[in-house]
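Read off the chains here:
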Amino acid sequence: MYYTLKRGLRPGPVLVLIHGAGGSRLLWPPQLRRLPGATVYTLDLPGHGRSGGRACDTIGCYAEAVAAFLDKVVVERAVLMGHSMGGAVALTLALDFADRVAGLVLVASGARLRVAPAILDSIRTDFARTVELISRAIWSPGANPTLVERGRQALVEAGPSVLLSDLTACDHFDVMERLREIASPTLVIGGSADLLTPLKYTRFLAEHISGAHSVIIEGAGHMVMLERPAEVTRAVLRFLNEKPLPTAGAG
Ligand code: COA
């Protein structure tokens with residue numbers, strides 16, 4: 001897997017950023033990729049960005065790839081921050097590889113991520129139109145047009161096969177009944193104007209994961225971390241600094 005690494009100056013939490021469907025490491029803002037004080041790994045999942053391999057069509061397959069990545073870089077435990085599908089990957093690691101997870105930051109995600117069948121069909125039949133539809137849905141009306149164009153371009157570069165695999169993985173993902181098993185400290189972040197993973201999904205996570213904190217960013221859409229990087233970064237720093245996460249760190 002391709003990744004970028006920003007080393008923290010002091011021993012402290014290791015943060016791993018996991019992008020969403022059809023995305024890459026570049027869909028995290030620089031403020032998070034270079035989070036002050038933390039060691040940050042920003043991943044391209046298999047088949048995405050500069051990574052080799054094939055995209056997965058199950059979330060479990062991505063979770064295994066991230067666990068193997070942690071082995072490779074000799075990180076025993078990390079705080080996993082996932083956006084949308086990346087949040088599903090992080091949740092799966094917290095459930096099935098709990099000893100590798102020091103904390104969770106779930107951004108615009110959910111415990112179940114069904115995808116409208118019309119979207120899955122239209123990826124096959126009219127990819128260009130699907131990209132336009134998704135591009136319109138993932139931003140709030142006030143989003144910066146440069147960011148909107150960058151997001152559109154990222155989907156085009158991912159291509160239909162990767163997007164179909166990712167959204168198939170999302171469509172089959174459902175851990176609504178298992179959230180009580182999660183013991184990791186958790187922060188849930190959502191945008192109040194998110195159309196793809198509505199506030200109901202964020203609230204469900206916050207209400208069912210023991211001790212979880214939630215931060216709602218008013219007016220932000222599904223790409224909340226790019227629309228409002230300062231607020232998201234502040235929330236993540238507060239989470240990392242407030243709660244001692246003694247088990248985070250390199251092994
Ligand atoms: N957290 C909390 N509640 C959730 C949830 C989550 N992650 N996922 C689903 N639910 C709720 C729904 O709100 C619904 O509640 P209701 O019965 O009170 O209305 C119930 O669980 C069942 O929902 P769902 O599993 O989504 O099935 P559905 O047949 O109602 O709808 C879709 C299926 C695909 C149409 C719908 O999920 C949807 O519109 N999804 C978002 C759009 C999309 O495709 N996004 C991805 C595009 S990239």
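The structure we're discussing is the one just above.
Residues numbered from 1 in each chain as written. Predicted model: local features only at pLDDT ≥ 70, side-chain atom pairs only at ≥ 80, totals over all residues. Heavy atoms only, no water.

### Brief notes about the state of the cysteines
- Considering all chains together, one arrives at 1 disulfide under this definition.
- One disulfide bridge connects C56 with C61, the sulfur atoms lying 2.1 Å from each other. In this structure the cystine formed by C56 and C61 twists about its S-S bond by roughly -55°; its chirality is therefore left-handed.
- Since its relative accessible area comes to 33%, C61 is described here as partly exposed.
- Not engaged in a disulfide, the cysteine C170 finds its nearest cysteine sulfur in C56; these two sulfurs lie 12 Å apart. (Disulfide = S-S within 2.5 Å. Buried < 20%, exposed > 50% of the residue type's maximum accessible area, 1.4 Å probe, protein only.)

### Let's talk about the environment of A206
- Summarising the element assignment, A206 is placed in helix α7 (residues 199–208).
- When residues no more than four places from it in sequence are discounted, the contact partners of A206 are V188, A212 and S214. (Helix = DSSP H or I, 4+ residues; strand = E, 2+ residues; numbered from the N terminus. Contact = heavy atoms within 4.5 Å.)

### Here's the deal with the side chain of S51
- Its place among the elements puts S51 in the loop between β3 (39–43) and α2 (59–72).
- Here Y2 takes part through its backbone nitrogen, which lies 2.7 Å from a polar atom of the side chain of S51.
- Aside from chain neighbours lying at most four places away, what touches S51 is M1, Y2, D44, L45 and P46. (Polar contact = N/O pair within 3.5 Å; in protein donor to acceptor, adjacent residues only side chain to side chain.)

### Quick look at the site of the ligand
- The local shell around the ligand holds 13 residues, among which R112, R114, A116, K200 and Y201 are the closest.
- One of the backbone N or O atoms of A111 is found 3.5 Å from a nitrogen atom in the ligand.
- R114 is positioned with one of its backbone polar atoms (N or O) 3.5 Å from a nitrogen atom of the ligand.
- For the ligand, whose accessible area on its own is 940 Å², the fraction buried by protein is 61%.
- Element by element, the count of residues in the shell around the ligand is highest for α7, at 3 residues. (Near = heavy atom within 4 Å. Areas by Shrake-Rupley, 256 points an atom, 1.4 Å probe, with all protein chains shown as cover.)

### Points about the pairing of strand β7 (residues 213–217)
- Across 5 bridges, strand β6 (residues 186–191) lies against β7 in parallel orientation. Among the inter-strand pairings, V188 is bridged to a residue of β7, identified as S214.
- Handedness of the crossover is the feature at issue here: the chain leaves β6, passes through α7, returns alongside β7, and the resulting connection is right-handed. (Pairing = 2+ DSSP bridges. Right-handed = clockwise from strand over helix to strand, strands pointing away.)

### Concerning the packing of helix α5 (residues 127–137) against helix α6 (residues 145–172)
- Two elements in contact, α5 and α6, have axes whose closest approach is 9 Å; the angle formed by their N-to-C orientations is 120°. The angle between α5 and α6 falls in the class oblique. Crossing handedness for the pair α5 and α6: right-handed. Between α5, through F127, V131, E132, I134 and S135, and α6, the contact on the second element is made entirely by V148, R152, L155, V156, G159, P160, L163 and L167.
- Here the contact of α5 with α6 is built from residues that sort into 9 nonpolar, 2 polar and 2 charged. (Axes fitted to C-alpha atoms, helices over the stretch in contact; angles between N-to-C directions. Parallel < 35°, antiparallel > 145°, perpendicular 65-115°, else oblique. Left-handed = near helix turned anticlockwise from the far one by under 90°. Nonpolar A, V, L, I, M, F, W, Y, C, P; charged D, E, K, R; others polar.)

### Observations concerning the packing of α2 against helix α3 (residues 85–96)
- Viewed as axis vectors pointing N to C, α2 and α3 meet at an angle of 70°, and their least axial separation amounts to 9 Å. With respect to their mutual orientation, α2 and α3 come out roughly perpendicular. Where α2 crosses over α3, the handedness of that crossing is right-handed. Contacts from I59, G60, Y62, A63, V66 and A67 in α2 reach M85, A88, V89, T92 and L93 in α3.
- Here the residues of the contact of α2 with α3 sort into 9 nonpolar, 2 polar and no charged.

### Details of unusual backbone geometry
- With a phi close to 55°, V74 is a non-glycine residue in the positive phi region.
- Mapped onto the elements of the fold, V74 is located in the loop between α2 and β4 (75–83).

### A word on the pattern of salt bridges
- Scanning the entire structure with this criterion turns up 10 salt bridges.
- Between R178 and D96 there is a salt bridge, with its nearest N and O atoms 3.2 Å apart. In this pair, R178 sits in the loop between α6 and β6 while D96 sits in helix α3, placing the two residues 82 residues apart along the sequence.
- Across the pair R112 and D174 runs a salt bridge, and its minimum N-O distance is 2.8 Å. Note that R112 is positioned in the loop between β5 (101–107) and α4 (117–125) and D174 in the loop between α6 and β6, a separation of 62 residues in sequence.
- When salt bridges that share partners are traced, they join D96, R178 and E181 into one network. (Salt bridge = Lys/Arg side-chain N within 4 Å of Asp/Glu carboxyl O.)

None of the figures reported here should be taken as evidence of function without further support.
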